[in-house]
Amino acid sequence: MRAIQTHQPGHRRGTVRQALSRHHACGQCLIQCQLGQVACQQIHWQQADITGNALPTNLASTCVNVGNTRAYLRYVSPTQINAQVPWNVTLGSVAVRVQRGFLEIPSQSFTLTAVSPGIFTTNQTGSGPAAILHAATFEAVTPANPAVPGERLAIFATGLGAVRPAVASGAPAPSPAPTTISSALVNIGGIPAAIEFSGLAPGFVGLYQVNVIVPGGLASGNQDVQLVINGTPSNTVTLAIR
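Each value, and the rule that gives it
Residues numbered from 1 in each chain as written. Predicted model: local features only at pLDDT ≥ 70, side-chain atom pairs only at ≥ 80, totals over all residues. Heavy atoms only, no water. Helix = DSSP H or I, 4+ residues; strand = E, 2+ residues; numbered from the N terminus. Contact = heavy atoms within 4.5 Å. Areas by Shrake-Rupley, 256 points an atom, 1.4 Å probe, with all protein chains shown as cover. Salt bridge = Lys/Arg side-chain N within 4 Å of Asp/Glu carboxyl O. Buried < 20%, exposed > 50% of the residue type's maximum accessible area, 1.4 Å probe, protein only. Pairing = 2+ DSSP bridges. Core = buried A, V, L, I, M, F, W, Y, C linked by side-chain atoms within 4.5 Å.

1. Comments concerning the overall build of the chain
Phase 1: Check the secondary structure of the chain and you find zero helices and 22 strands.
Phase 2: When contacts within the chain are restricted to residue pairs at least 6 apart in sequence, long-range pairs at least 24 apart make up 60% of them.
Phase 3: Carbon and sulfur atoms provide 50% of the accessible area of the chain, an area that totals close to 10,400 Å².

Spelled out as C-alpha cells, the structure:
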C-alpha cells in the first residue's frame, strides 16, 4: 500500500516547539514559534517563493534560525510561524532565533534528537482524536465514521527521522514516497497493528504517514493509539472503532 496524498493536518501552537512535543524536535520536524508580534502580515508560501524546489527561508522579512541554519518557512503571521527544521542541524541542544528585519526575538533552547514522533490530532492540541484517514475513501475517521477491524488506515505524524532515499531540506517528498530508516510500531487499544508503510507523504514537506491495518479484538468506542519509532513513543491519541 503506497502513501496517500491528502490535505495536511494542522499543528499545535506554542512558544518554540516541535509540532506536538515541547522542547524536542529532529531533522525534518515541523516546529511552531509563537512569540508575540513577529511579522507584520499573515502569509503562506506561494509558488513564486520556491527556490530550487524548496520552501523559502524568508517570508514577510521574517526568518527562523535553528542554530546557525535557516529553517524553511511554511507560514508566517503576526503571532505564529510554522517552519521545518533542516536535516543538517547537529543533534543536541540548539538555539532557535526568530528575526524580522533588524528585530531579533530572544532565542529559545531546543533539543534535537534523531527522532521525535508526534501524531497529529484534529483539534490541533496533540491529544484527542487523531488525524487518521480511511485508506479506501480518504475520509477522516470520526465517531460518525469509525474504523473497523481489518481496515487500512493512514496515520499522519511528524518527527519520524531519516528516510531512504533522502529528501532535501524544505523540499516536498516525491512519489514513490521515501520510507523511514527506522521501523515504526503502532499500538491501537494496546494491540499491535500491522504496518504497511512508514515514510513521508508525497507532495508535502515534513509530513510523515504510517499506513496500518486495524487489528481485531478491539471494543467499540474510542481506543488509544500510540506510535513508537527507534524506541521513542509518540503522544497518545484516540481512534473511533465500530
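We are not done yet, so read on.
2. A look at the pattern of salt bridges
Phase 1: Summed over all chains, the structure comprises two salt bridges.
Phase 2: In this structure, the salt-bridge partner of Glu 104 is Arg 97, at a minimum N-O distance of 3.7 Å.
Phase 3: Look at Glu 104 and you get partly exposed, because its relative accessible area is 39%.
Phase 4: Looking at Arg 97, the relative accessible area reads 22%, which means it is partly exposed.

3. Side note on the pairing of strand S13 (residues 152-158)
Phase 1: For S13, the buried fraction is high: six of the seven residues fall into the buried class.
Phase 2: With two bridges connecting them, strand S11 (residues 118-119) and S13 associate as antiparallel partners. The residue bridging Ile 119 from the neighbouring strand is Ala 157, located in S13.
Phase 3: As judged from the three bridges shared by strand S12 (residues 132-134) and S13, these two strands associate in the antiparallel manner.

4. Re the environment of Gly 101
Phase 1: Relative to the elements of secondary structure, Gly 101 occurs in the loop between strand S9 (92-100) and strand S10 (103-112).
Phase 2: Judged by relative accessible area, Gly 101 falls into the partly exposed class, the value being 49%.
Phase 3: Residues Gly 101 and Ser 61, spaced 40 residues apart in sequence, show a C-alpha to C-alpha distance of 5.6 Å.

5. Description of the nonpolar core
Within soluble globular proteins, side chains that are nonpolar generally end up buried alongside one another.
Phase 1: The biggest cluster of nonpolar side chains holds 29 residues, and the ones touching the most others in it are Leu 153, Ile 155, Val 186, Ile 188, Val 212, Val 225 and Leu 239.
Phase 2: Elements supplying a minimum of two residues to this core: S13, strand S16 (184-188), strand S19 (208-213), strand S20 (221-229) and strand S22 (237-241).
Phase 3: When near neighbours in sequence (up to four residues on either side) are disregarded, Val 212 contacts Glu 151, Arg 152, Leu 153, Ile 155, Val 186, Ile 188, Ala 193, Ala 194 and Ile 195.

6. Notes on unusual backbone geometry
Phase 1: For the bond from Arg 164 to Pro 165, the omega torsion is -5°, close enough to zero to count as cis.
Phase 2: With an omega of 5°, the peptide bond between Ser 175 and Pro 176 qualifies as cis.
Phase 3: Structurally, the position occupied by Pro 176 is in the loop between strand S14 (163-164) and strand S15 (179-180).

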